[in-house]
Amino acid sequence: ATLQAVSAGTGQAWSCASCHGAAGEGNLSTPRLAGQPAAYLAKQLEDFRSGLRHNESMAFVARALSDEDIAKLARYYAGIELRAKLAPSLGGNLERGKLIAEKGDWKSNVPACFQCHGMNGEGVAPGFPALAGQQPDYIFAQLAAWHAGERKNSPQKLMDDVARRMNPDDMRAVSDYLGSM
Ligand code: HEM
Ligand code: HEM
């Protein structure tokens, strides 16, 4: 199933590519979808559709999708291989970011990101998304949203607990580092 076919099937004027890029690579605050675990992508689309995860653009999009569309789109994006090393955009301290990603910060009780997101941030199916090569602005925005209690769809509140303990400088550092991997 091609993306165009699914978008056309919904009868909508938009396409995923118009916001997420031709290869699902994302753009600034729009996330990379390429190569994410299919089950993770499907869950996010379901959560946007049900309102458990809030975003105006994605609520509009997801409400037009059937369960079958969601399954197809999730498979489509999961199947695109992409290893992008993105330029840091937040002025974060990359060494500090690497330390947090690999070892966490014991002083503030922040676990290593790679404990859950894969040894190299490549993601772990079904539920842990890749962070390596994800858009730094987007990573930062998600951490800030969890910190503020605005993103509520993490299973067992795992990410709420991580982000609540992080300060903005560390969020910038880890976001820039992960994006650049
Ligand atoms: C987020 C899929 C169309 C803008 C997401 C996410 C998924 C997704 C799975 C969450 C990714 C993650 O958690 O890593 C899709 C699909 C589309 C589509 C399959 C087409 C059917 C669009 C369009 C726009 C858009 C047309 C712009 C108008 C965004 C934005 C986010 C997002 C801004 C981030 C939301 C946030 O900050 O929480 N999309 N998308 N998407 N999408 Fe889409
Ligand atoms: C999702 C960052 C540590 C479990 C995410 C996302 C980000 C992120 C940005 C959203 C990705 C997206 O929307 O595409 C980080 C960072 C960490 C960290 C920077 C280290 C400081 C952890 C740890 C765990 C974990 C230690 C497990 C205990 C998860 C889960 C999700 C997730 C389950 C998916 C949430 C959902 O389904 O909505 N993480 N993470 N993360 N993270 Fe982490």
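Residues numbered from 1 in each chain as written. Chains lettered and ligands numbered in written order. Predicted model: local features only at pLDDT ≥ 70, side-chain atom pairs only at ≥ 80, totals over all residues. Heavy atoms only, no water.

This next bit is on the domain arrangement of the protein chain. Taken domain by domain, the protein chain comprises domain 1 (3-78) and domain 2 (94-180). When each unit is reduced to the centre of its C-alpha atoms, the spacing between domain 1 and domain 2 is 22 Å. The interface is formed by 18 residues belonging to domain 1 together with 19 residues belonging to domain 2. When the buried surface of domain 1 facing domain 2 is broken down by residue, Leu28, Arg32 and Arg53 rank first, second and third, together holding 34% of it. Taken together, the connections running from domain 1 to domain 2 amount to zero salt bridges. The interface formed by domain 1 and domain 2 holds 15 residue pairs in polar contact (both at pLDDT 80 or more) in total. Of the residues in the side of domain 1 that touches domain 2, the class split is six nonpolar, seven polar and five charged. (Domains from an automatic or database assignment. Contact = heavy atoms within 4.5 Å. Buried area = accessible area lost by both parts, 1.4 Å probe. Salt bridge = Lys/Arg side-chain N within 4 Å of Asp/Glu carboxyl O. Polar contact = N/O pair within 3.5 Å; in protein donor to acceptor, adjacent residues only side chain to side chain. Nonpolar A, V, L, I, M, F, W, Y, C, P; charged D, E, K, R; others polar.)

This part covers the side chain of Gln36. Within the secondary structure, Gln36 is located in the loop between α2 (16-20) and α3 (38-50). Residue classification places Gln36 among the buried residues on the basis of a relative accessible area of 4%. Contact partners of Gln36, with chain neighbours within four places excluded, come to Leu41, Tyr77, Ala78, Pro129, Ala130 and Gln134. (Helix = DSSP H or I, 4+ residues; strand = E, 2+ residues; numbered from the N terminus. Buried < 20%, exposed > 50% of the residue type's maximum accessible area, 1.4 Å probe, protein only.)

Lining the immediate environment of ligand 2, one finds 28 residues, of which Cys113, Cys116, His117, Tyr138 and Met159 sit closest. Arg151 is positioned with one of its side-chain polar atoms (N or O) 2.9 Å from an oxygen atom of ligand 2. Listed by contribution, the elements that provide at least two residues to the shell around ligand 2 are α3, α7 (114-117), α8 (136-147) and α9 (158-164). Two domains each put at least three residues into the shell around ligand 2: domain 1 (3-78) and domain 2 (94-180). (Near = heavy atom within 4 Å.)

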